[in-house]
Amino acid sequence: MALQGVSSSSLSLILTILVVAVSLYTGSALTQQQNVVKEKLKVMVLYESLCPDSIRFIEAQLGPNYDGLKDYIDITLVPFGKSKSINNAGLVQFFCQHGPKECEGNREQLCVLQQTTDQETQVNFVVCQMRKRVITDIRECAESLGLSSDIDACMHNGLGTTLQLEAERVTYLYKPQFVPTIVYDGVFDQQLQDNSLRDFRGTVCYLLQRRGDISFHSEVCQ
């Protein structure tokens, strides 16, 4: 039965418009919900190129587990650690915990990492590089991943210095007492740090489950 004063055809048009509007609203709400779910867990690793504990974490924890977790995490690798810069009359010098070779290794890794935004490539390069006995020999690791090993310009001009100063700025936000330091979603937590050094995968899975991104029985964490 048509509403008083409204023809059947008009009523049909109104109902159609309402159905479309509800559909669009529902679709928009679902899209927003999916976007929230898809926001990855931010993981930052503050490390040093010659630090034994950094090497151990990257070899034993990050390397073996990254592939299974990569769809859920947004990772940033920052090779600086307990280094520091000194500006002497415009000349910037860097001093590192494990000596000049570590400063060189940090700078080389930054010069290679800045070539790509692909996180899987970045992680694979760092894992490969941290296994090298000669930390400053980046040729094999870079070229095996399609990255350039010709970084002389970066190493010896302002870009390398800029990259190191930015790494210092980011590192000093967290004032790491231990290297490596692992930071989740921009907040340092000592318990998560301790757990990460022993069980990176388990720590990430715990955080993903707490955020509601995966279930307790998710295959990625088995």
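Located above this text is the structure these notes cover.
All of the points below concern the structure found in this document. Given the structure is predicted, the values throughout are model-derived calculations rather than measurements.

Cut-offs applied
Along every chain, residues carry numbers that run from 1 in the direction the sequence is written. This being a predicted model, a pLDDT of at least 70 is required before a residue's local features are given, and a value of 80 or more before pairs of side-chain atoms are given or counted; all residues contribute to the totals for chains, interfaces and linings. Water and hydrogen atoms were dropped before computing side-chain values, which therefore reflect all heavy atoms in the structure. Only protein atoms enter the calculation, which uses a 1 Å grid: trapped sets of points that fit a 1.4 Å probe without letting it out are cavities, open sets showing protein on both sides within 12 Å along at least five of seven lines are pockets, and any residue with an atom within 4 Å of a point is a lining residue. Grid points are joined across faces, edges and corners, and a volume is the space filled by probe spheres set on the points. Gly is placed with the polar residues, together with every amino acid not listed as nonpolar (Ala, Val, Leu, Ile, Met, Phe, Trp, Tyr, Cys and Pro) or charged (Asp, Glu, Lys and Arg). Here a strand is any run of E in DSSP of at least two residues, a helix any run of H or I of at least four, and the numbering for each starts at the N terminus. Residue exposure (1.4 Å probe, protein chains only): buried if accessible area is under 20% of the type maximum, exposed if over 50%, otherwise partly exposed. Just to be clear on terms, a salt bridge is a Lys or Arg side-chain nitrogen sitting within 4 Å of an Asp or Glu carboxyl oxygen. We call two residues in contact when some of their heavy atoms are within 4.5 Å. We define a polar contact as two N or O atoms separated by no more than 3.5 Å, with the added condition that, inside protein, one atom must be a possible hydrogen donor and the other a possible acceptor, whereas residues neighbouring each other in sequence contribute only through side-chain atom pairs.

Examining the layout of surface pockets
Taken as a whole, the largest pocket holds about 290 Å³ of empty space. Lining of the largest pocket is provided by 14 residues; of these, Thr-76, Leu-77, Val-78, Leu-110 and Glu-166 occupy positions nearest its centre. Residues of the lining of the largest pocket, tallied by class, amount to nine nonpolar, four polar and one charged.

Things to note about unusual backbone geometry
Between Val-179 and the following residue, Pro-180, the backbone shows a cis peptide bond with an omega angle of 10 degrees. As for its position among the elements, Pro-180 is in the loop between helix 7 (158-172) and strand 5 (181-184). With a phi angle near 55 degrees, Ala-89 is a residue other than glycine that sits in the positive phi range. The residue Ala-89 is located in the loop between strand 3 (84-88) and strand 4 (91-95) in this model. In this structure Ala-89 comes out as exposed when scored by relative accessible area, which is 81%. The phi angle at Asp-185 is positive, at roughly 50 degrees, despite the residue not being glycine.

Examining the pattern of salt bridges
Applying the stated criterion across every chain, the model contains ten salt bridges. Between Arg-211 and Asp-213 there is a salt bridge; the shortest N-O distance is 2.9 Å. One connected set of salt bridges, linked through shared partners, spans Asp-67, Lys-70 and Glu-120.

Considering the environment of Ser-49
Counting through the fold element by element, Ser-49 comes out in the loop between strand 1 (41-47) and helix 2 (52-69). The spacing of Ser-49 and Arg-131 is 82 residues in sequence and 10.0 Å in space, taken between C-alpha atoms. Here Ser-49 is in contact with Ile-55, Lys-101, Glu-102, Gly-105, Asn-106, Gln-109, Met-130 and Ile-135, once residues within four sequence places are set aside. A polar atom in the side chain of Ser-49 sits 3.1 Å from the backbone oxygen of Glu-102.

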